[in-house]
Amino acid sequence: MEVNNGKGTKIWIHKWIIGLDIKVEPLHPSHLQYVFVSELIFTDTNSWNTSLLNMLFIPEIVEKIQNMQLSVHEEDCMKWLPARDGNFSVKTAYNKLMEVKVQQQIALNVVPTAVWKSLWKMKLPHRVKIFIWKSIKGIVPTRMRLAQAMHIIETHCEIGKHDEETLYHLPIKCPHAKAVWRTLNINTDQISVNCQSVRDWIISWFQDMQNTGAEDMQRWRELLMVGCWIIWKERCDCVFQDKTLNHIHTANRIQYQLINFNSSLHTSLSDSITSETRDAYHDRIAHNHMLNNLSESMDAFQVFKDAFFDGVSNECGTGVVLLNLAGECTGIKGTHAAGVVDAEMGEFMAIMEGL
């Protein structure tokens, strides 16, 4: 309460003393005869009744009360403490209700600064590092995560068919992922014992390991990061392109990407090949890759989706473009929806349109 003339503020009921977040308690039962703060004020002089204050309260509280400014010509008003301006809003009420939960989550999910620094210093493409960042944050759009917003989504893993597709399942518990890691000489059973989440597993990558050289440690981190990223990409190929997965092929793809990423870091390669030769080389590789895909499946398509979310009106627009493997557009679709909760929900809607 904000006290002005004191007529609307009750002494023992309201929190009205500035600097005191609790209700005051009467020192003696007889003090309950005083009900309103206005009884403690000399209205003619716009000042506090000091003798009465000293009788009702301890000296520390009396000092706080005397420091409060009065305005007997104005009514008391209710102030909403969680808001800076004292005005109630749904946003501040929600933030207050979620305050404890958010603090608990922050305490449980603190990632050491050294882990972030090591992650962003890795000499890998940003798309790989962004995927690992999403994994630490737990925002990779697995089926279980999507089902939290859209209950119609099937939650079982498309690869294993039985277990639910969680972020922990895909890179560690999925039979395909286990076979891939075994091919790369990584023991997923030990990972399951030591780490209860993907976040814990990734953090362990960047912790110092005894009897391990810096160069070997760097290669090991690169293998794990690229491996998780490729396993996710293969999962997407399985879901969206109905691709049959083979763990040997996936492991070879991981090794190929590691070589490709590492070779791009060496200037000797760029010095020995002119820009024209390099462009022709990449064009030939891309062309051969496209022909191989065409020979494997003539019915495969590429789906590109995007969404726009307006936080003011909560309106969302989605767009889906369908291309064949020759790069020709075979279909375009756009939709509009109102009452969308947030941008992430809009992305979910775009994914569903693509499906």
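In this report, the structure presented in the accompanying data block is examined. Quantities reported herein were computed from a predicted structural model and do not represent experimental measurements.

Packing of helix H4 (residues 113–121) against helix H5 (residues 126–137) brings their axes to within 9 Å, and their N-to-C directions diverge by 155°. One finds that H4 runs roughly antiparallel with respect to H5. Note that H4 runs across H5; the crossing there is right-handed. Between H4 and H5, the contacting residues are Trp-116, Leu-119 and Trp-120 on the first element and Lys-129, Ile-130, Ile-132, Trp-133, Ile-136 and Lys-137 on the second.

A few words now on unusual backbone geometry. One non-glycine residue, Asn-185, lies in the positive phi region at around 65°. Judged by its relative accessible area of 74%, Asn-185 is exposed. Here Asp-242, not a glycine, exhibits a phi torsion of approximately 55°, which is positive. Within the secondary structure, Asp-242 sits in the loop between helix H11 (214–241) and helix H12 (247–263). Using a relative accessible area of 65% as the deciding quantity, one classes Asp-242 as exposed.

Next up on the list: the packing of aromatic side chains. Evaluated as defined, the whole model comprises 8 aromatic pairs. Each ring, one from Trp-181 and one from Trp-201, has its centre 5.9 Å from the other, and the planes form 90°; the classification is edge-to-face. Note that Trp-181 is positioned in helix H8 (residues 175–183) and Trp-201 in helix H10 (residues 198–205), a separation of 20 residues in sequence. Of the residues examined, Trp-181 reaches a relative accessible area of 0% and is grouped as buried. Ring pairs connect the aromatic residues Trp-181, Trp-201, Trp-205 and Phe-206, which therefore count as one cluster.

For the coordinates displayed, the defined rule picks out 2 cavities of 30 Å³ or more. Taken as a whole, the largest cavity holds about 100 Å³ of empty space. Looking at the largest cavity, the residues that line it are Phe-131, Ile-132, Ser-135, Leu-167, Leu-170, Pro-171, Val-198, Trp-201, Ile-202, Cys-228, Ile-231 and Trp-232. When contributions to the lining of the largest cavity are tallied by element, the ones reaching two or more residues are H5, helix H7 (169–173), H10 and H11. Of the residues belonging to the lining of the largest cavity, the class tally is 11 nonpolar, 1 polar and no charged. In this structure, the second largest cavity occupies an estimated 30 Å³ of space. Along the walls of the second largest cavity sit His-14, Lys-15, Trp-16, Ile-17, Leu-20, Ile-22 and Val-24, which together make up its complete lining. Here the lining of the second largest cavity is composed, by residue class, of 5 nonpolar, 1 polar and 1 charged.

Procedures and definitions
Residues numbered from 1 in each chain as written. Predicted model: local features only at pLDDT ≥ 70, side-chain atom pairs only at ≥ 80, totals over all residues. Heavy atoms only, no water. Axes fitted to C-alpha atoms, helices over the stretch in contact; angles between N-to-C directions. Helix = DSSP H or I, 4+ residues; strand = E, 2+ residues; numbered from the N terminus. Parallel < 35°, antiparallel > 145°, perpendicular 65-115°, else oblique. Left-handed = near helix turned anticlockwise from the far one by under 90°. Contact = heavy atoms within 4.5 Å. Buried < 20%, exposed > 50% of the residue type's maximum accessible area, 1.4 Å probe, protein only. Phe/Tyr/Trp six-rings, centres within 6.5 Å; stacked < 30°, edge-to-face > 60°. 1 Å grid on protein atoms, 1.4 Å probe; cavity = no way out; pocket = protein on both sides within 12 Å on 5 of 7 lines; lining within 4 Å. Points joined across faces, edges and corners; volume = space filled by probe spheres on them. Nonpolar A, V, L, I, M, F, W, Y, C, P; charged D, E, K, R; others polar.

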